[in-house]
Amino acid sequence: MSTTSTAKSDYLLLFRGNVWDRGLSPAQLQKVVSDWMAWFERLKAEGKCVGGHPLEDEGKVISGKQRAVADGPFAESKEAIGGYFYLQVADENEAIEIAKQCPGLEYGAAVEVRPVADECSIKQRAQEYSPGQLAEATA
């Protein structure tokens, strides 16, 4: 019986910033786009990336008890999420090593590595309450 684990962990690579390409020459822009697509296709072929997409620059944010709808996130921001890859890899170290290969890094892009949770942390906290505590909270 083998003791080697074949379990995979799920991670998102979140590509932050959507203005890092400003100021690139046409040749630099063509190269980074070509390199990025080749990187994505290679990761998919290796079975490490199960998908990914760019995101539009703007969307809507719904918040608060009144369910207020506002424009956002702001289109030109270092923190805006420009896209993502969904990875299935051995561990966080592998996800980080993949993120370090991002062709946009040398031009100012940033990549956030986030593990995908098995369960919502809010649900976990709710399940920690005893039935008595829940009865008191709803009384």
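Residues numbered from 1 in each chain as written. Predicted model: local features only at pLDDT ≥ 70, side-chain atom pairs only at ≥ 80, totals over all residues. Heavy atoms only, no water.

Asks: Residue-level account of the overall build of the protein chain, with values.
Replies: Along its length, the protein chain carries four helices and six strands. In sequence order, the secondary structure elements of the protein chain are arranged as β-α-β-β-β-β-α-β-α-α. Burial statistics for the protein chain: of 139 residues in total, 22% are counted as buried. Sequence separation of 24 or more characterises 75% of the internal contacts of the protein chain that already satisfy a separation of 6 or more. In the form shown here, the protein chain has an accessible surface area of approximately 10,100 Å², with 54% of it arising from carbon and sulfur atoms. (Helix = DSSP H or I, 4+ residues; strand = E, 2+ residues; numbered from the N terminus. Buried < 20%, exposed > 50% of the residue type's maximum accessible area, 1.4 Å probe, protein only. Contact = heavy atoms within 4.5 Å. Areas by Shrake-Rupley, 256 points an atom, 1.4 Å probe, with all protein chains shown as cover.)

Asks: Mind laying out the environment of Cys102, listing which residues take part and the relevant values?
Replies: Of note, Cys102 is situated in the loop between α2 (92-99) and β6 (110-115). On the accessibility criterion, Cys102 (5% relative accessible area) is buried. For the pair Cys102 and Phe40, spaced 62 residues apart in sequence, the C-alpha to C-alpha distance is 9.4 Å. Excluding its chain neighbours within four sequence positions, the residues that come into contact with Cys102 are Phe15, Trp36, Trp39 and Val111.

Asks: Pulling in residues and values, what's your account of the pattern of salt bridges?
Replies: Here the structure, examined in full by the defined rule, presents nine salt bridges. A salt bridge links Arg16 to Glu112, with the shortest nitrogen-to-oxygen separation between them at 2.6 Å. Here Arg16, found in strand β1 (residues 9-16), pairs with Glu112, found in strand β6; they are 96 residues apart in sequence, far enough to count as distant. Two residues, Glu46 and Arg42, come together in a salt bridge whose shortest N-O distance is 3.3 Å. Among the residues examined, Glu46 registers a relative accessible area of 40% and is labelled partly exposed. Residue class for Arg42 comes out partly exposed when judged on its relative accessible area of 35%. (Salt bridge = Lys/Arg side-chain N within 4 Å of Asp/Glu carboxyl O.)

Asks: Residue-level account of the sheet that holds strand β5 (residues 81-89), with values.
Replies: In space, the four strands of this open sheet follow the order β2-β5-β1-β6, with antiparallel pairing throughout. Edge positions in the open sheet fall to β2 (49-54) and β6, since each of these has one partner strand only. Going across the sheet, the axis of each strand differs from the next one's by a mean of 15°, ignoring polarity. Against the sheet, helix α1 (residues 26-45) engages β1, β2 and β5, with an angle of about 150° to β2. (Pairing = 2+ DSSP bridges. Axes fitted to C-alpha atoms, helices over the stretch in contact; angles between N-to-C directions.)

On their own, these measurements won't tell you what the molecule is for.
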